[in-house]
Amino acid sequence: MLTVSAFGMLACAREAPPSAPAAYASAPASTRAMLDGATPVVTKHAMVVSAQHLATMAGVEILKQGGNAIDAAVAVGYAEAVTHPCCGNIGGGGFMNIHLKDGRNLFLNFREKAPLKATPTLFQDADGNVVKGRSTGSYLGVAVPGTVMGLNTALKTYGTMTLQQVMAPAIKLASDGYVLKQQDVDILNEGTAVFARHPNVAAIFLNEGKPFVVGQRLVQKQLAHTLELIADGGTEAFYHGPIAAAVVKASEANGGILSMRDFADYTAQWEKPVTCEYRGYTVVSAPPPSSGGTTVCLILQLIKPYPLAQWGYGSVNSVHYIAEAERRAFADRNTYLGDPAFVHNPIDELLSPAHVDQLRATIQPDKATRSADLKGSLGAPESQHTTHYSVMDKDGNGVAVTYTVNSYFGIKQIAGDTGFFLNNEMDDFTAKPGVPNKAGLVTGVINQIEPGKRPLSSMTPTLVLRDGKLFMLTGSPGDGTIISTTMESIVNVIDFGMNLQQSINAPRMHQQWFPQTVFVEPGLMTPQTRQTLEAMGHTFTLRDAIGADEAIMINPRNGLLEGANDRRRPAGLAAGY
């Protein structure tokens, strides 16, 4: 079907993508050279891609033993809790998006929950001012963890192996330790100063009081014991036994509000994923309490009529229209979306053609919109430290998982001798309407703190289907930039004709309504392109890195699996057989 762009150009929605060099001809020469040399890892049967090479190999090991993608995904999740402790976790929560070989798409929500004693003013002082650090660095910031129940629920429902089998690699890595590489050390150094304040943390994550260096071995005996308790006792061991008791005891001793009832009442839930069509592909993504799927789909629907393939990656038109689409989508995201157990999420209305057309009509072809002039478009609402991994097996099952403790190492504290970091996920709630969280995202009453509520998330584990069959798995860490990263990984392949590694390596951009600026990585634009866009009213802020996608794609020409580890996570790995 032919559509007409804002410039009167005709664009074919299903036309073949351009050759890759033409697609990014507008990019700086250094970026073109980098992308020209980028090729994905190719395997025939199965593939795992994660931000930590040892976790990837744990998943590959399970696949080679005959496990399916769900078995391998659970193994990777537990292994990352050992080898990627900043972000992989059993002290946080997340989402799992599953495509089964019989064609079903399933979404598992194991997002953390607010404790029952939580209140809307939890992070405010007596005068109503938000207290800095209370939501990010104290036990008040800890929400009830969901990862253990999420991973175990997926395994029990759709896996083929036992919990002991899939956890064995993680337990061995924790008990025997693993040799640190530069990227591992770099991430540990993010928490070094705080680790030293807590003796039980320093005993594990500092080496006799000093930071670890490359080549040393990190051993986590306490975490190994915790994992063994889970492997033997299952979900019950975490939520009703000594692990929960240790967390609650530490919370009470440090001014927190967690209780044993909070753990006992926790649930992981199967949800209906958000779906939309984009140029002949079906995008299957994360529903609330994630904002990711709705926002990705809204951006894709807004940009769909524009001839991005003709304009090219990094061009004036592509950057302008994607930024303006993101600005509008994030205004709606921040205004209307929240935990569906507490609020109505108007997803159908947000993604309706009439609403998308109405929003698109407000985009001016030669002028950036002031964010302050945009509001949530439906009227008044009703009352970078995460990790993603992807797995495909030989039978056509696919799993995309994004989970988090929020900030690097969460609150940077460990309860007693449990060995794992606790999240600071409560920061994703609205501490006070109109006050930004640590990611700069501004939400309102719809995302206020309430007992048992799950905070709004940007995590976006996503499936892309072609003719009903799995085509791509994608997702990323990065707070609000998760949404942009995931969306751009899809657009880079479908519109700009990049191979998967080029798509993941390409410099990124992100606009989230407030602040006004467009965040960009070096290499996205030439100086001339930036100058033109600034004359149109855009402002730009450079970021060294945006997101860290770990993706898999099935090459439609030969049926082989292509895996891409993000260049921004050099400790990661794409591998299979």
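Refer to the structure presented above.
As the structure is a computational prediction, the values presented were derived from the model and not from experiment.

What counts and what doesn't
- Residues numbered from 1 in each chain as written.
- Predicted model: local features only at pLDDT ≥ 70, side-chain atom pairs only at ≥ 80, totals over all residues.
- Heavy atoms only, no water.
- Helix = DSSP H or I, 4+ residues; strand = E, 2+ residues; numbered from the N terminus.
- Buried < 20%, exposed > 50% of the residue type's maximum accessible area, 1.4 Å probe, protein only.
- Phe/Tyr/Trp six-rings, centres within 6.5 Å; stacked < 30°, edge-to-face > 60°.
- Lys NZ or Arg CZ within 6 Å of the ring centre and 35° of its normal.
- Pairing = 2+ DSSP bridges.

S.K.: Sorry, what's going on with unusual backbone geometry here?
M.R.: Negative phi is the rule for most residues except glycine; trans is the rule for most peptide bonds. Note the cis peptide between Pro288 and Pro289, where omega equals 20 degrees. By the secondary structure assignment, Pro289 is in the loop between strand S11 (281-285) and helix H13 (292-303). Here Phe514 and Pro515 are connected by a cis peptide whose omega angle stands at 0 degrees. Tracing the backbone shows Pro515 in the loop between strand S16 (509-510) and strand S17 (518-520). Positioned with a positive phi, Asn406 is a non-glycine residue whose angle comes to about 80 degrees. Note that Asn406 resides in the loop between strand S13 (398-404) and strand S14 (462-466). Exposure remark for Asn406: the relative accessible area of 2% places this residue in the buried category. Phi at Lys412 takes a positive value of approximately 65 degrees, unusual for a residue other than glycine.

S.K.: What is the right way to read the packing of aromatic side chains from this model?
M.R.: When we look at a pair of aromatic rings, we describe it by the centre distance and by the angle of the planes. This structure, assessed with the given rule, holds 20 aromatic pairs. Here Trp311 and Tyr321 contribute two aromatic rings whose centre-to-centre distance is 5.3 Å and whose plane-to-plane angle is 25 degrees, an arrangement assigned as stacked. Here the residue Trp311 occupies a position in helix H14 (residues 308-311), and Tyr321 occupies one in helix H15 (residues 316-336), the gap between them amounting to 10 residues. With a relative accessible area of 9%, Trp311 lands in the buried category. Centroid distance Tyr313 to Phe496: 6.0 Å. Interplanar angle 80 degrees. Geometry classified as edge-to-face. An aromatic cluster of at least three residues, connected via ring pairs, comprises Phe195, Phe205, Tyr408, Phe409 and Phe421. The ring centre of Tyr266 lies 5.9 Å from the NZ or CZ of Lys113, which sits over that ring. Between the NZ or CZ atom of Arg543 and the centre of the ring of Phe519, over which it lies, the distance is 4.0 Å.

S.K.: Before we go on, may I ask you to explain the pairing of strand S10 (residues 274-278) in this structure?
M.R.: Every other side chain in a regular strand lies on the same face of the sheet, so the side chains alternate between the two faces. Where burial is concerned, the two faces of S10 differ: the one with Val274, Cys276 and Tyr278 is buried and the one with Thr275 and Glu277 is not. As paired strands, S10 and S11 are joined by 5 bridges and run antiparallel to one another. Within the sheet, the bridge partner assigned to Cys276 lies in S11 and is Val283. Between the antiparallel neighbours S10 and S11 lie 2 residues, among them Arg279 with a positive phi of about 50 degrees.

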